[in-house]
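Next come the chains, spelled out residue by residue.
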Amino acid sequence: MRYILLLIALVLPLGFLLAQNKKNKDFYYTCTMHPEIRSNQPGKCPKCGMTLVKKQAKKAVNSQPENMPKGQKDQGSGMHHNMNNMDNAQPEKAKKAAAAEDHSVHGNMNMGNNPKHNVSQEEQKAIIASSVIKTIKAKPPRTIRYDLYVADTIVNYTGKRRKAIAINGSIPAPTLFFTQGDTAEIHVHNTMHHETSIHWHGIILPNKEDGVPYLTTAPIKPGQTHVFRFPIVQNGTYWYHSHTKVQEQSGMYGALIFYKREEPDIKQQTIVLSEWADMKPHEIDRSLRNQTDWFAIKKNTVQSYAEAIRAKHFGTKIGNEWKRMLAMDVSDVAYDRFLVNGDTTKIFSLYKKGDWVKLRIVNGGASSYFWLTYAGGKMTVVANDGEDVQPVTVDRLIIGTAETYDIIVNIPDDMRYEFLVTPEDRTKHASIWLGKGMLMPADRLPKLKYFEGMKMMNGMMKMNGDMKEMPGMKMTNQMMDMNTVMYPEITDGEDNMMDMEGMETDTTMEKQMDMHADHKIAQMPPSKGTGNMEGMNMNMGNSNIVTLNYAMLRAPHKTTLPNDWDTRTFHFNLTGNMNRYVWTIDNKTVSEAKRIWIKKGEIIRIVLFNNTMMRHPMHMHGHFFRVLNGQGAYAPLKNTLDIMPMERDTIEFATTESGDWFFHCHILYHMMSGMGKIFSYQNSPPNPDIPNRNYAQRKLFQDDRSFHAMAEIGLESNGSDGRAMLTNTRWRFESLWHLGYQDHHGYESETSVGRYFGKMQWWYVYAGFDYHYKSASGIRKDEAYNLFGQTSNKNNRKTAVLGVQYILPMLLIADMRIDGNGKARFQLSREDIPVAKQLRLNFMVNTDREYMAGVRYIFTKYFAVSSHYDSDMGLGAGLTIIY
């Protein structure tokens, strides 16, 4: 009996310990802000520093390690081969198709501010299916190595051979696969003759691994290898690209796929969207800065007087120029091709009827937005910028530059369905075909109605160049797309489209919208504490088209930040000048603005107001921010925010890192112009990659301080008129000349340097030197004295000058100057008056009794046939060279 009692005494504690151990395995510790963090022990979140909370574990359903997606099986290979077709790698066939990931909230498609619409039976099946989806367990965490070889290459997308940059011989670059918990070790080998860099977009990593040259990471010099090493602490769809000059436009971009530790067993397809221009990226940048409208000519989107008259919008055109605005523009650059995974068309025929496919979509374009539509029916959005969202079903969405989306689509029949990718300007398209069988094309998006957009823009802009905010209109989170007036698929057949010009600033949006009461407007329920028009979707007319906006995005878990941390709020106005292609924040470029000093343990809230007529995808390095979109504690997390004209959006993030982090517009040419800020953590340890901070800062600031050249050289029968300039954000060096072939024609040269002032840069102050010679026989009696009664000294003028220019309504240039002899001159001029698509007029008149009028017909970007009459040289005709 004694032995039995002893045995029981030994077994009972052991059983209790085993039971307690089993019970403990049913729990794990996680972060409320980053639920992907899991630990067996209490502690702090490695991403945000918050205390981990205890959660009950859920058992995986039918986990099958042997069914690891092919991309994960190949992770250790280094992948030195061409990866263009690697996206065909799929998990093995699941027993049940699914449309959302295992942690998503299912069934209710009208959560929060989502628009009400009918959910089809098939869509509902897709949502419900996610509750029984199989998952695939990953292998134990390990170090995954890739070797990336960056090299100059030659491509041919249009029938013309052009220089480009490839990684491992591929454009786009190879897709890199990791699993959360792995460690990335990426060796980047620069085989080019110029430096390069790689930025890991949207990735939480140590500051020195971020990849911004001269800010966080040393540039990779020619012939050098740089090793990036960082832990994978997240999952989702991300990407990487060069952050050096305009190399991204040349082909340096690729996808990053971070699998979950338990990845849903659903078919997946990685898709990288981009664009290609035969024109060199540096030439694109130079052309944008030099006010050319060649891109509009090439896209057939010129809004000249002739087009305005044909469209019965001549008054709209005059109103546009009266407010000193150039023509309505949607996309700045005229691209030659739009690409999906490096081609204009991709066919994925491995899918069949009934399959549900997760499309991991990366917008790797340098400056393009893309509309996404699908011939096979609706699309279910399940993630944005790598972060899961509660599933929301839409007919279409626009993906901003640098954004990523995970979208579930269904193959409804044994057909080949088109997933159509259309750039925002709708000039071309690219196609993805899913399935096999008869082709099922998606509806093409019709041409934009630019003059309707111009009319709207006139009403939104004040005379001083600021946007006109309307009381009662809560422009936020893409909920009121003012560009809707340009969409024929929405507005055709509607007699009473919104007239922004008719809106008075003291009226409410609700009153102005009364005229649309008979139209079916897709509307979301307003959030508490906001105006009664919040959530209105401007899909007037055909409201059956459900378009995604940020207000529909809802995180599947709470994203609230620590409530015991101090909050600091910054107000940033996005500012710019389309006339000179200058893009800034609070009218300061990166090199002009001071760093924003922050410290660990606080919450940074940023209120962004877009005071320009362009969309801007604002990207934060090294941090995810909450988008305050009316979803309360379930506000979605993003790293790139598309902010539309006249919108005011609020984001916030926790300061948990160290070092310097870039916040900037991700349209490449806006960033190069200077639209960005630098956030710097106080008391950060020295960055070994940036040993000389002063030198590095000078190199970093070169982007928006760089000068760009332009020239116009007229070679005509009566002489040569021309000018050459070097300009940057604020400064202009200029030389003008008028050379006659005869002494009585005379010749003149003016050289000056000046600076632009003001937010819209309508003021320009300059100083220089003027040399003018004209024989006495060539001076007319009426020009012996100017209109101020001062003697004209054209026969031998050698004098310094000081002047100021101002842009008047109708884009007229008023120039007042005085020379070293005390002689004053007032001049009025305008160049490039758009008479027709390729026909331009220009004129000049001044108080020295000089005048000129000319006409130019543009044949190519660099050549035009021209003619002009000049008071000094008479009538002539010939050729103008434009650079």
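Please refer to the structure placed before this passage.
Residues numbered from 1 in each chain as written. Predicted model: local features only at pLDDT ≥ 70, side-chain atom pairs only at ≥ 80, totals over all residues. Heavy atoms only, no water.

1. Observations regarding a nonpolar patch on the surface
Here comes step 1: Residues Y857, F859, Y862, F863, V865, L879 and Y883 make up a contiguous nonpolar surface patch of about 650 Å² in total accessible area.
Here comes step 2: On the secondary structure map, Y857 appears in strand β46 (residues 851-858).
Here comes step 3: The exposure class of Y857 is partly exposed, given its relative accessible area of 36%. (Patch = residues over 30% accessible without salt bridge, like charges linked within 9 Å, V, L, I, M, F, W, Y side chains within 5 Å. Areas by Shrake-Rupley, 256 points an atom, 1.4 Å probe, with all protein chains shown as cover. Salt bridge = Lys/Arg side-chain N within 4 Å of Asp/Glu carboxyl O. Helix = DSSP H or I, 4+ residues; strand = E, 2+ residues; numbered from the N terminus. Buried < 20%, exposed > 50% of the residue type's maximum accessible area, 1.4 Å probe, protein only.)

2. Focus on the nonpolar core
Here comes step 1: F178, I186, W200, L372 and F419 are the most contacted members of the largest nonpolar core, which totals 152 residues.
Here comes step 2: Top element by residues in this core is helix α8 (residues 450-460). It accounts for six residues.
Here comes step 3: Ignoring anything within four residues of it in the chain, the contact list for I186 reads Y146, L148, L176, F178, W200, H226, V227, F228 and F230. (Core = buried A, V, L, I, M, F, W, Y, C linked by side-chain atoms within 4.5 Å. Contact = heavy atoms within 4.5 Å.)

3. Concerning unusual backbone geometry
Here comes step 1: Cis geometry marks the peptide bond from I171 to P172; its omega dihedral reads 0 degrees.
Here comes step 2: If you trace the backbone, P172 turns up in the loop between β6 (162-167) and β7 (173-179).
Here comes step 3: Its identity as a non-glycine residue notwithstanding, A402 has a phi of 80 degrees, on the positive side.
Here comes step 4: Mapped onto the elements, A402 comes out in the loop between β21 (396-399) and β22 (404-410).
Here comes step 5: A positive phi is found at D586, a non-glycine position, where the angle reads about 55 degrees.

4. Focus on the packing of aromatic side chains
Here comes step 1: Going through the model one piece at a time under the given rule, you end up with 31 aromatic pairs.
Here comes step 2: On the basis of an interplanar angle of 55 degrees and a centroid distance of 6.3 Å, the ring pair of Y374 and Y417 is categorised as tilted. Note that Y374 is positioned in strand β18 (residues 370-374) and Y417 in strand β23 (residues 415-423), a separation of 43 residues in sequence. For the residue pair Y374 and Y417, the accessibility class agrees, reading buried in each case. (Phe/Tyr/Trp six-rings, centres within 6.5 Å; stacked < 30°, edge-to-face > 60°.)

5. A short note on the sheet that holds strand β11 (residues 236-241)
Here comes step 1: Read across the sheet, four strands follow the order β7-β12-β11-β9 without closing on themselves; strand pairing throughout is mixed. Of all strands in the sheet, those with a lone pairing partner are β7 and β9 (199-201), marking the two edges. Adjacent strand axes in the sheet meet at a mean angle of 25 degrees when their direction is disregarded. (Pairing = 2+ DSSP bridges. Axes fitted to C-alpha atoms, helices over the stretch in contact; angles between N-to-C directions.)

6. Digging into helix α12 (residues 693-705)
Here comes step 1: In this model α12 runs 18 Å from its N-terminal to its C-terminal C-alpha over 13 residues, within 8% of the 18 Å that 1.5 Å per residue would give.
Here comes step 2: All of the buried residues in α12 are A696, L700, F701, D703 and D704. Looking down the long axis of α12, one finds its buried residues gathered within 125 degrees of arc, a one-sided arrangement. The exposed residues of α12 that point more than 90 degrees off its buried face are N694 and R698.
Here comes step 3: Where α12 is buried, its residues contact α4 (281-289), α11 (668-673) and β36 (676-681).
Here comes step 4: The N-capping residue of α12, defined by a side-chain oxygen 3.3 Å from the backbone nitrogen of N694, is N692. (Expected span 1.5 Å × (residues − 1). Arc of directions from axis to C-beta. Polar contact = N/O pair within 3.5 Å; in protein donor to acceptor, adjacent residues only side chain to side chain.)

7. Concerning the pairing of β6
Here comes step 1: Strand direction decides the pairing type here: strand β5 (residues 143-155) and β6, joined by six bridges, are antiparallel. Opposite D152, over in β6, you have I165 as the bridge partner.
Here comes step 2: Linking β5 to β6, which pair antiparallel, is a turn of six residues; within it G159 sits at a positive phi near 95 degrees.

8. Section: the side chain of T373
Here comes step 1: You can see T373 is positioned in strand β18.
Here comes step 2: Residue T373 is classed as buried on the basis of its relative accessible area, which comes to 11%.
Here comes step 3: T373 has contacts with M379, D395, R396, E418, F419, L420 and A442, leaving out every residue within four places of it along the chain.

9. Overview of the sheet that holds strand β48 (residues 874-882)
Here comes step 1: Pairing is antiparallel around the closed barrel formed by twelve strands, whose spatial order is β37-β38-β39-β40-β41-β42-β43-β44-β45-β46-β47-β48. The sheet shows a mean angle of 20 degrees between the axes of neighbouring strands, taken without regard to direction.
Here comes step 2: Sheet analysis places strand β42 (residues 797-808) next to strand β43 (residues 812-819), joined by eight bridges and oriented antiparallel. Bridged to V804 within β43 is M816.

10. Re the pattern of salt bridges
Between side chains of opposite charge, pairing is possible as soon as their charged atoms come close.
Here comes step 1: In the structure shown here, the tally under the stated rule is 48 salt bridges.
Here comes step 2: Linking K378 and D395 is a salt bridge whose minimum nitrogen-to-oxygen distance equals 2.8 Å. Taken together, the residues span a long stretch of sequence, with K378 in the loop between β18 and β19 (379-384) and D395 in the loop between β20 (387-394) and β21 at a distance of 17 residues.
Here comes step 3: One salt bridge in this structure joins D848 and K823, with 2.8 Å as the shortest N-O distance. With D848 in the loop between β45 (839-846) and β46 and K823 in the loop between β43 and β44 (824-834), the pair connects residues that are 25 residues apart, well separated along the chain. Take D848 and K823: they sit in the same class, and that class is buried.
Here comes step 4: One continuous salt-bridge network, built from bridges that share partners, spans E748, E750, D770, R797, R817, K823, R825 and D848.

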